[in-house]
Amino acid sequence: MEYKFTVANFDEEVLKSELPVLVDFYADWCNPCKMMAPVVERIAEEYEGRLKVGKCDVSANMPLAQKYRVSNIPAFMIFKGGEPVDSFVGALSADDLCDRIDANL
């Protein structure tokens, strides 16, 4: 299952999550973000129960983008225990994304 993270639910859904969380910071107008969408959906299915996966539209949630210094998209951030533990920018292969996730689980 893929979540939609917003300014209104970020604290509850990401920072207070029992599971590690992968946040995909994206925008609808971003072509690399669109390329990554099916990869992120697959990750959400494959890691269900071990990792919460969701998207955060930077255009609609600018305070979050600013807080986490997201200046290029797609940007991915892994949170554990309410803290960002890893971040990476740009389109990645599914294998590379899985490697980054596995290193942080």
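What counts, and where the lines are drawn
Residues numbered from 1 in each chain as written. Predicted model: local features only at pLDDT ≥ 70, side-chain atom pairs only at ≥ 80, totals over all residues. Heavy atoms only, no water. Disulfide = S-S within 2.5 Å. Buried < 20%, exposed > 50% of the residue type's maximum accessible area, 1.4 Å probe, protein only. Pairing = 2+ DSSP bridges. Helix = DSSP H or I, 4+ residues; strand = E, 2+ residues; numbered from the N terminus. Axes fitted to C-alpha atoms, helices over the stretch in contact; angles between N-to-C directions. Contact = heavy atoms within 4.5 Å.

(A) Structural detail: the state of the cysteines. The final tally for this structure, using the stated rule, is one disulfide. Covalently, Cys30 is tied to Cys33 through a disulfide, its sulfur atoms 2.5 Å apart. Linking Cys30 and Cys33, the disulfide has an S-S dihedral of approximately 80° and is accordingly described as right-handed. Among the residues examined, Cys30 registers a relative accessible area of 4% and is labelled buried. Look at Cys33 and you get buried, because its relative accessible area is 3%.

(B) Summary view of the sheet that holds strand β3 (residues 52-57). Spatially, β1-β3-β2-β4-β5 is the arrangement adopted by the five strands of the open sheet, whose pairing is mixed. Each having just a single partner strand, β1 (2-4) and β5 (83-89) make up the two edges of the open sheet. When strand polarity is set aside, the average angle formed by the axes of neighbouring strands in this sheet is 25°. Across three bridges, the pairing between β1 and β3 is parallel. Each residue of the ladder has a partner; that of Glu2, found in β3, is Val53. Docked against the sheet, helix α2 (residues 31-46) engages β1, β2 (21-26), β3 and β4 (75-80), running at close to 155° with respect to β3. Packing of helix α4 (residues 94-104) onto the sheet brings it into contact with β2, β4 and β5, and relative to β5 it is tilted by some 165°.

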